[in-house]
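Architecture at a glance
For reference, the chains in residue letters:
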Amino acid sequence: MSEGNEESSTSNESPSKLYPDLPEGTWKKGDGEKGGFMLNSCEDMALVIKAADLAARRHRFQKRKDVRQTPYINHPIGVAYILTNEAKVYDGATLAAAILHDTVEDTKTTFEEIQQEFGQEVYDIVKGCTDDKSLPKDTRKQLQIDHAAEHSHKTKLVKLADKLYNLRDLERATPIGWDKRRVKEYAEWARQVVSRMKGTNEALEMALDDIINRLLSK
Ligand SMILES: Nc1nc2c(ncn2[C@@H]2O[C@H](COP(=O)(O)OP(=O)(O)O)[C@@H](OP(=O)(O)OP(=O)(O)O)[C@H]2O)c(=O)[nH]1
């Protein structure tokens, strides 16, 4: 069992883990003799660490909606971890964008800053993952469905991993104020978004199918 994967439970938390235990030796061949995976280059590594540094600072006062008030940064780091650990995605721009994907939507960070500090590719992915919070919620949710199929491959990867993290989080701990109906509504909406991104990554899509079916059948 991976260290730190098992969450101790409180009254509204199930003891389920946020990430599955994967069989040993699932790293891609040639990804590194030293037991871990390697990013494509030192530049990729530096980009990802730089993203983690900015996201940690920008999200530092934010919490998730669970009763334990989990630090918000757990979410973007978890999205990047799903990409490396399960989707086997090691591209620096994709991982950096995964870590930054909520910084513009939820903090004072601007698109210009992302473009200047992280380059066009990361900017494009973050833009594709950012909802316009000034719009009514129903409109925002509908726009995600309407535009899901149009995104680039890398943006779709981050969006799928984001949904997978959020759905697992819903199964792990119901956010404060959410009832069963709201959980199912989120799962149904997520199903509509991810079904328009089929053919992006098999591991992510299989995991999404599983959890969505489970949440909808409860
Ligand atoms: N499951 C879960 N979600 C939490 C928690 N804390 C914060 N969230 C965030 O809440 C959002 C989903 O809640 P909603 O009520 O549907 O949407 P809203 O916040 O945008 O209005 C997700 O963000 P989002 O940027 O709107 O992502 P997306 O769902 O639009 O892709 C998710 O990241 C938590 O403890 N559990």
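An unreviewed UniProt entry lists the protein under the name Guanosine-3',5'-bis(diphosphate) 3'-pyrophosphohydrolase MESH1, from Acrobeloides nanus. Looking at the Cofactor (unreviewed entry) heading of the UniProt record, one finds this comment for the protein: "Mn(2+)".

What follows covers the site of the ligand. Of all residues adjacent to the ligand, which total 22 residues, the nearest are K65, K137, K163, R182 and Y186. With respect to the ligand, the side chain of R64 contributes an N or O atom lying 2.9 Å from an oxygen atom. For the ligand, an oxygen atom lies 3.4 Å from a polar atom in the side chain of D162. More than half of the atoms belonging to the ligand lie within 2 Å of the grid points that define the largest pocket. Of all the secondary structure elements, the ones that give two or more residues to the shell around the ligand are α6 (137-147), α7 (153-172) and α8 (180-194). No other element matches α7, which puts 5 residues into the shell around the ligand. For the shell around the ligand, a count of residues per class yields 6 nonpolar, 2 polar and 14 charged.

Tallying each qualifying case throughout the model produces 4 aromatic pairs. Ring geometry for W178 against Y186: centres 6.2 Å apart, planes inclined by 50°, an arrangement best described as tilted. For the residue pair W178 and Y186, the accessibility class agrees, reading buried in each case. Linked through ring pairs, W178, Y186 and W189 together constitute an aromatic cluster.

Reading the values: rules and limits
- Residues numbered from 1 in each chain as written.
- Predicted model: local features only at pLDDT ≥ 70, side-chain atom pairs only at ≥ 80, totals over all residues.
- Heavy atoms only, no water.
- UniProt positions renumbered as here; feature names shortened; annotations may be inferred.
- Near = heavy atom within 4 Å.
- Polar contact = N/O pair within 3.5 Å; in protein donor to acceptor, adjacent residues only side chain to side chain.
- 1 Å grid on protein atoms, 1.4 Å probe; cavity = no way out; pocket = protein on both sides within 12 Å on 5 of 7 lines; lining within 4 Å.
- Sits in = over half its atoms within 2 Å of the grid points.
- Helix = DSSP H or I, 4+ residues; strand = E, 2+ residues; numbered from the N terminus.
- Nonpolar A, V, L, I, M, F, W, Y, C, P; charged D, E, K, R; others polar.
- Phe/Tyr/Trp six-rings, centres within 6.5 Å; stacked < 30°, edge-to-face > 60°.
- Buried < 20%, exposed > 50% of the residue type's maximum accessible area, 1.4 Å probe, protein only.

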